[in-house]
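Architecture and fold: a report
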Amino acid sequence: MGLSVNGENNRLTIVVEGRERELTEEVPGLDIAVEGNDNRVRIEYPQTFENSRLKITGNGNCFEAAASYRRTDGVFFCLGDGCRISIGRNCFFNRDIAVLAKEKKAVSVVFGDDVIVGTGTIIRCGDGHTVVDAGSRDPLNPPADIAIGSHVWIGARCMILKGAVIGRNSIVGAMSLVNKKFAQPNQILAGVPAAVIRCGVDWDMADYASYTEI
């Protein structure tokens, strides 16, 4: 892990016991590389990062992570040119996950509090390549924001794509593809592309055996 910052007017801070200070040392478990100007990183402790990377290129990006007693393991966070990733309190990221906010200035990925993201999930605001009209050559697939509400459970190997909105207290079934707005709370989404398969649900962090013993 390491810390590399190249550019001007970049501000990297950590918050420990409510006090904010400049980040001058490595963050355990998180490799940070910044190339550009006027970027902001703000990480609130406690945090447990493992095998994770934060890559920022270009100018005016913002990465912020609220305090969490849960683990962020094996995540690649990537921002480019004026974009934002915001992570709420007590979120849990479980290995081999990519969160990408780039390709268009000012797009964002925002997580509420108490979100869990399953192994192998990809969350990205753009497609990586441009689809164009064959005649006019106008672009047809602009990047767009992603908003994930509080207390959302995203299963393993999901794709959360540009324009996705997931309402609070919702569940995304494993290997689903979410590419549109599901703003209502307490839903189960599943499928490729995802659809609502049940409403009026909630979920608990405990596994089934532990929960049924309560």
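Attention in this report is confined to the structure presented alongside it. Sequence order as written defines the numbering, with residues in each chain counted from 1. Owing to the predicted nature of the model, reporting of local features is limited to residues with pLDDT of at least 70; listing and counting of side-chain atom pairs is limited to 80 or more, with chain, interface and lining totals taken over all residues. Calculated side-chain values reflect all of the structure's heavy atoms, with hydrogen atoms and water omitted.

Between any two strands, at least two bridges found by DSSP are needed for them to pair. Put simply, DSSP marks the helices as runs of H or I at least four residues long and the strands as runs of E at least two long, and each gets a number from the N terminus on. The nine strands are arranged S3-S2-S5-S8-S10-S12-S15-S18-S21 in an open sheet whose pairing can be described as mixed. The outermost strands of the open sheet, each flanked by one partner alone, are strand S3 (19-22) and strand S21 (181-182). Pairing geometry for strand S5 (residues 40-44) and strand S8 (residues 62-65), over four bridges, is parallel. Looking across to S8, one finds that Val41 is bridged to Phe63.

Here the residue pair Tyr45 and Pro46 is connected by a cis peptide bond, since its omega of 10 degrees sits within 30 degrees of zero. Tracing the backbone shows Pro46 in the loop between S5 and strand S6 (48-50). A cis amide bond links Val192 with the next residue in sequence, Pro193, at an omega value of -5 degrees. Tracing the chain through its elements places Pro193 in the loop between strand S22 (187-190) and strand S23 (195-199).

Take the pattern of salt bridges next. Think of a salt bridge as a Lys or Arg side-chain nitrogen and an Asp or Glu carboxyl oxygen that are within 4 Å of each other. Applying the stated criterion across every chain, the model contains nine salt bridges. Across the salt bridge formed by Glu20 and Arg11, the nearest N and O atoms sit 3.7 Å from each other. You can call Arg11 partly exposed: its relative accessible area is 47%. Between Arg84 and Glu64 there is a salt bridge, with the nearest N and O atoms lying 2.9 Å from each other. With a gap of 20 residues between them, Arg84 in strand S10 (residues 84-87) and Glu64 in strand S8 connect regions that are remote in the sequence. Connected through salt bridges with shared partners, the residues Arg11, Glu20 and Arg42 form a single ionic network. The buried label applies to any residue whose accessible area, calculated with a 1.4 Å probe on protein chains only, is under 20% of its type's maximum; exposed applies above 50%, and partly exposed to all values in between.

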